[in-house]
Amino acid sequence: MKRLIGTACALAVGLAVWLMFAAASSGPRHGYAAGGSCTAGEADLDRVAAALGDGFGNVQAGHAVTIWATGAKRDLPERAMIVALATAMQESTLRVLYNPGVPGSEDLPHDGKGEDHDSVGLFQQRPHWGDLAVLMDPEGSANLFYDALERVDSWESMSVTEAAQAVQVSAHPDLYADDEPGARAAAELIAGVECSGEWVHPTPGAGIVSGWRTDERPRHNGVDLGAARGTEIHAASAGEVVKVVCNAHTVEGRQLSCDVDGSPSVMGCGWYVEVAHAEGLLTRYCHMGQRPSVSIGDQVQAGDVLGYVGSSGRSSGPHLHLEVHRSHSPSFDTAIEPQELFFNQGVEL
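In this text, all values refer to a predicted model and were calculated from it rather than measured experimentally.

### Concerning the layout of surface pockets
Considering only enclosed or pocket space, the second largest pocket measures out at about 610 Å³ in volume. Arg217, His220, Gly268, Arg314 and His321 are the residues nearest the centre of the second largest pocket, which is lined by 21 residues in total. Within the residue set of the lining of the second largest pocket, elements represented by two or more residues are strand 10 (239–249), strand 11 (267–276), strand 12 (282–288) and strand 15 (320–325). Looking at the lining of the second largest pocket residue by residue, the classes come out as 5 nonpolar, 10 polar and 6 charged.

### A closer look at the nonpolar core
Side chains of nonpolar character tend, in soluble globular proteins, to be buried together. Counting residues in each nonpolar core, the largest one holds 50 residues, and the members touching the most others are Val48, Ile67, Leu94, Tyr146 and Leu149. Elements with a contribution of two residues or more to this core: helix 1 (42–52), helix 2 (58–73), helix 3 (78–92), helix 4 (132–135), helix 5 (138–150), helix 6 (160–168) and helix 7 (180–192). The element that contributes the greatest number of residues to this core is helix 3, accounting for 9 residues. If sequence neighbours within four positions are ignored, leucine 94 has contacts with Leu52, Phe56, Gln60, His63, Ala64, Ile67, Ala88, Met89 and Leu122. Core analysis: the next-biggest nonpolar cluster, separate from the first, contains 34 residues, Trp212, Ile233, Met288 and Phe342 among them.

### Re the environment of tyrosine 98
Tracing the backbone shows tyrosine 98 in strand 5 (residues 97–98). Tyrosine 98 gets classed as buried once you look at its relative accessible area, which sits at 11%. Each C-alpha atom of the pair tyrosine 98 and aspartate 118 lies 9.4 Å from the other, and the pair is 20 residues apart in sequence. Those residues within four positions of tyrosine 98 in sequence are excluded, and the remaining contacts are Ser105, Glu106, His110, Gly112, Lys113, Gly114 and Met136.

### Thoughts on the packing of helix 2 against helix 5
Axis separation between helix 2 and helix 5 bottoms out at 9 Å; the angle between their running directions is 50°. On the basis of their axis angle, the class for helix 2 and helix 5 is oblique. Between helix 2 and helix 5 the crossing geometry is right-handed. Contact residues: helix 2 offers His63, Thr66, Ile67, Trp68, Thr70 and Gly71, while helix 5 offers Pro138, Glu139, Ala142, Asn143 and Tyr146.

Rules used throughout
Residues numbered from 1 in each chain as written. Predicted model: local features only at pLDDT ≥ 70, side-chain atom pairs only at ≥ 80, totals over all residues. Heavy atoms only, no water. 1 Å grid on protein atoms, 1.4 Å probe; cavity = no way out; pocket = protein on both sides within 12 Å on 5 of 7 lines; lining within 4 Å. Points joined across faces, edges and corners; volume = space filled by probe spheres on them. Helix = DSSP H or I, 4+ residues; strand = E, 2+ residues; numbered from the N terminus. Nonpolar A, V, L, I, M, F, W, Y, C, P; charged D, E, K, R; others polar. Core = buried A, V, L, I, M, F, W, Y, C linked by side-chain atoms within 4.5 Å. Buried < 20%, exposed > 50% of the residue type's maximum accessible area, 1.4 Å probe, protein only. Contact = heavy atoms within 4.5 Å. Axes fitted to C-alpha atoms, helices over the stretch in contact; angles between N-to-C directions. Parallel < 35°, antiparallel > 145°, perpendicular 65-115°, else oblique. Left-handed = near helix turned anticlockwise from the far one by under 90°.

Now the structure itself:
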């Protein structure tokens, strides 16, 4: 296990997911497509936040990386990313804002509340811009901004504030200039960081033995990988360990040991680990056979060992239960299908 606390981790261009909502015959599902966002280690996010200026933190730095990478995927010149960053800095201070006047926006991943008319998201886009789920998604809203920017004649020859105003049509057109220095510094920093974007199979060679939200298990929030007892469990991608816990208990809530095999009558994930990735993604690894090898706050890279396959908690035999969530505060509603996500990253589960 590599402990990388305090060291610079690479920004990984080409990794991420943007959220779309789709209906399926079995009920509501969350769909998504691969996009151009990045993951970043905390050390890099610290540097990006500092480049943005006073008052910006790592969450905002992560959104800045997404905005930059989305433009890079579209083969846009860096000037476009500077315009987009200055716009989002001015409109929302680089936060995904819900609006209490826009039904459903508070239910989507967000960083806080805004109350400007019916505007939402990083760029404070209004309903005519597109679907709410896209407006509230960092990559999706950035793509909408770039779409509009590219429709502006000769935007490349405009000043940053003129180009931003041509897209936003703001009542305060001159304010974008205030954020140009931070946007330029952040864009130059992000562009100069070494990129790597790796995702790996958590238990190589172990296939799916129970799928995500099947008809038989409609509340199964992940997939079960049929790995043998003692198999190493690897971090799927770079991120920060945010939870290490024993969660085995009775229906009544009485805590049980996670150092022994569980059973279908036991509740909970047993020994499990959660790793938070950029863009709000989170992976969860359940039913480990012993206390995990990592601690909260560890920075991990793709392939680092988190623990070993076991059968603790609600389990009928050794396997890895793997979940992916589109939020760092996971719930049933934030779970997304691991098989599709990993496929989009070139990994077959």
